[in-house]
Amino acid sequence: MEFIQRDIGLFGWATGGISRAQATVFRGLLEQFGRGEYEEVEARAKALADRPRRVFWNRSPEPVWMARTFALTAAVLHGRRQHVLPELEALTEALQQTSGNGRTLLLVVRVNRALVLLGQERYADAESEAAGILREVTRLAHLTQVGDIELSALACLAEALCGQGRFEEAEAVARGNLPRATENRAASLRSLLVRSLNGQGRYEEALTESRQPTPPASRAGSGQSAMVIAAALHGLGRRDQAEMTARQSLHECEQFLHPTHPRIREARDLLAHITAAGPPPEAPDAGGGTS
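Q: I would appreciate a short explanation of the pattern of salt bridges in the present structure.
A: Side chains carrying opposite charge are able to pair once their charged atoms draw close together. Across all of its chains, the model carries 24 salt bridges by this definition. Ionic pairing is found between E129 and R110, a salt bridge with its closest N-O pair at 2.7 Å. Here E129, found in helix α6 (residues 123–140), pairs with R110, found in helix α5 (residues 101–119); they are 19 residues apart in sequence, far enough to count as distant. Just as E129 is buried, R110 falls in that class too. For R185, the salt bridge goes to E183, with nearest N and O atoms at 3.7 Å. Judged by its relative accessible area of 4%, R185 falls in the buried class.

Q: Which parts of the structure should I look at to understand the packing of helix α1 (residues 20–34) against helix α3 (residues 61–78)?
A: Working note: a packed helix pair is described by the angle between its axes plus the distance between those axes. Running from N to C, α1 and α3 point in directions that differ by 5°, and their axes come no closer than 11 Å. Relative to α3, α1 is oriented roughly parallel. On α3, the residues that touch Q22, F26, L29, L30 and F33 of α1 are P63, M66, A67, F70, T73, A74 and L77. Counted by class, the contact of α1 with α3 contains 10 nonpolar, two polar and no charged residues.

Q: Looking at this model, I keep getting lost on the packing of helix α11 (residues 224–235) against helix α12 (residues 239–256). Mind explaining?
A: In contact at an axis separation of 8 Å, α11 and α12 are set at 165° when each is read in the N-to-C sense. Considering the angle they form, α11 stands roughly antiparallel to α12. For α11 against α12, the interelement crossing comes out left-handed. Residue-level contacts link A226, M227, I229, A230, L233 and H234 of α11 to Q241, A242, T245, A246, Q248 and S249 of α12. Split by residue class, the contact of α11 with α12 holds seven nonpolar, five polar and no charged.

Q: Got a minute to help me understand the confidence of the model for the protein in this structure?
A: The predicted coordinates ought not to be read in detail in places where the model reports low pLDDT. Looking at the protein as a whole, the pLDDT averages 87, with 85% of positions reaching at least 70. Note that residues 1–15 has pLDDT below 50 and, in this model, 65 contacts with residues that lie over four places away or in other chains. Low pLDDT (under 50) marks residues 280–291, which in the prediction has nine contacts with non-local residues, meaning those over four places away or in another chain.

Q: What am I meant to see in the environment of D269 here?
A: Relative to the helices and strands, D269 resides in helix α13 (residues 262–276). The sequence separation of D269 and A246 amounts to 23 residues, and the corresponding C-alpha distance is 9.7 Å.

Q: Just checking my understanding: could you explain the packing of aromatic side chains for this structure?
A: Where two aromatic rings form a pair, the distance of their centres and the angle of their planes describe that pair. Enumeration over the complete set of coordinates arrives at three aromatic pairs. For the pair F26 and F70, a centre-to-centre distance of 5.2 Å together with 55° between the ring planes defines the contact as tilted. Here F26, found in helix α1, pairs with F70, found in helix α3; they are 44 residues apart in sequence, far enough to count as distant. Residue class for F70 comes out buried when judged on its relative accessible area of 0%. Taking 6.4 Å as the distance between ring centres and 50° as the angle between the ring planes, the aromatic pair formed by F33 and Y38 counts as tilted. Chaining the aromatic ring pairs together yields one cluster made of F26, F33, Y38 and F70.

Q: Can you walk me through the environment of V194 in this structure?
A: Mapped onto the secondary structure, V194 falls in helix α9 (residues 183–199). A residue is classified by how much of its surface remains accessible, and V194, at 2% relative accessible area, is buried. Considering only alpha carbons, one finds V194 and S210, 16 residues apart in sequence, at a separation of 6.4 Å. Residues within four places of V194 in sequence aside, it is in contact with A206, E209, S210 and V228.

Q: Is there a simple way to think about α3 in this case?
A: Given 3.6 residues per helical turn, the α-helix brings residues three or four places apart onto the same face. Here α3 is 18 residues long and its end C-alpha atoms lie 26 Å apart, about the 26 Å a rise of 1.5 Å per residue gives. In terms of burial, α3 is largely enclosed, as 15 of its 18 residues are buried. Positive phi shows up at G79, right after α3, with a value of about 110°.

Q: Would you explain helix α8 (residues 167–177) in this entry?
A: Those residues of α8 that sit buried are F167, A170, E171, V173, A174 and N177. The buried residues of α8 occupy an angular sector of 165° when the element is viewed end-on, so they sit on one face. Residues of α8 that are exposed and angled more than 90 degrees away from the buried face: E168, A172 and G176. Packed against the buried residues of α8 are α7 (147–163) and α9.

Thresholds, definitions, all that
Residues numbered from 1 in each chain as written. Predicted model: local features only at pLDDT ≥ 70, side-chain atom pairs only at ≥ 80, totals over all residues. Heavy atoms only, no water. Salt bridge = Lys/Arg side-chain N within 4 Å of Asp/Glu carboxyl O. Helix = DSSP H or I, 4+ residues; strand = E, 2+ residues; numbered from the N terminus. Buried < 20%, exposed > 50% of the residue type's maximum accessible area, 1.4 Å probe, protein only. Axes fitted to C-alpha atoms, helices over the stretch in contact; angles between N-to-C directions. Parallel < 35°, antiparallel > 145°, perpendicular 65-115°, else oblique. Contact = heavy atoms within 4.5 Å. Nonpolar A, V, L, I, M, F, W, Y, C, P; charged D, E, K, R; others polar. Left-handed = near helix turned anticlockwise from the far one by under 90°. pLDDT = per-residue confidence, 0-100. Phe/Tyr/Trp six-rings, centres within 6.5 Å; stacked < 30°, edge-to-face > 60°. Expected span 1.5 Å × (residues − 1). Arc of directions from axis to C-beta.

Below, the structure written as structure tokens:
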């Protein structure tokens, strides 16, 4: 869910204390985000935020806030989330009384917080955070471009609903917003739609949805699509295919995500569930049943 993109208004007329030179630096970090270079972005952004106060970079708070936001976002997307919640909450507090670009940064920080809560399986808290972000988006939409942040918050909301077993509601959120989603956000919402259908036992429909043309996921979305496809195949009793796809999901997660990313644990749990299950059910008689 790479919601820091070029078009969210971070460098528009409301940028405030960000100079042209500083904006150029941050655009370079955005390019690295697009390439999935999360470790590099985090290290560079931390170095910028930690520059001594006497350096011109830190004469105003805005570039420091933005550097801290970039560093925390990189950590969350990569999956190194254990100790970032206090930092996110401290930055949220610092941005509460800001205006213009600061309000956009605040939304980005809050989406990060929702993602961390989801990883901790605090689904009700994540739902509340996502709903609050969406209310704020409604108030800011006429001032700046926050469409990508809105879609990321909606994806958080759908995942929180799935986590609470409210799959029909999650389906409505994912399906209703897929037509306007692009790039990483489309990949995320597609996977969430498939997950919501799995949760309702609609496995054939879930597989059909998974085959719809969708942009590839970013590095942050590694393993997500294969995981929900594996769950659908398992639901249909296609155990060998489910196991192979679950192993693919786990491989992608371990290759591209931080070892503590919650999706790695989820992929391992899914694979263990599939391989521990009994033999698949008998094939249906010709002329009826699922494929």
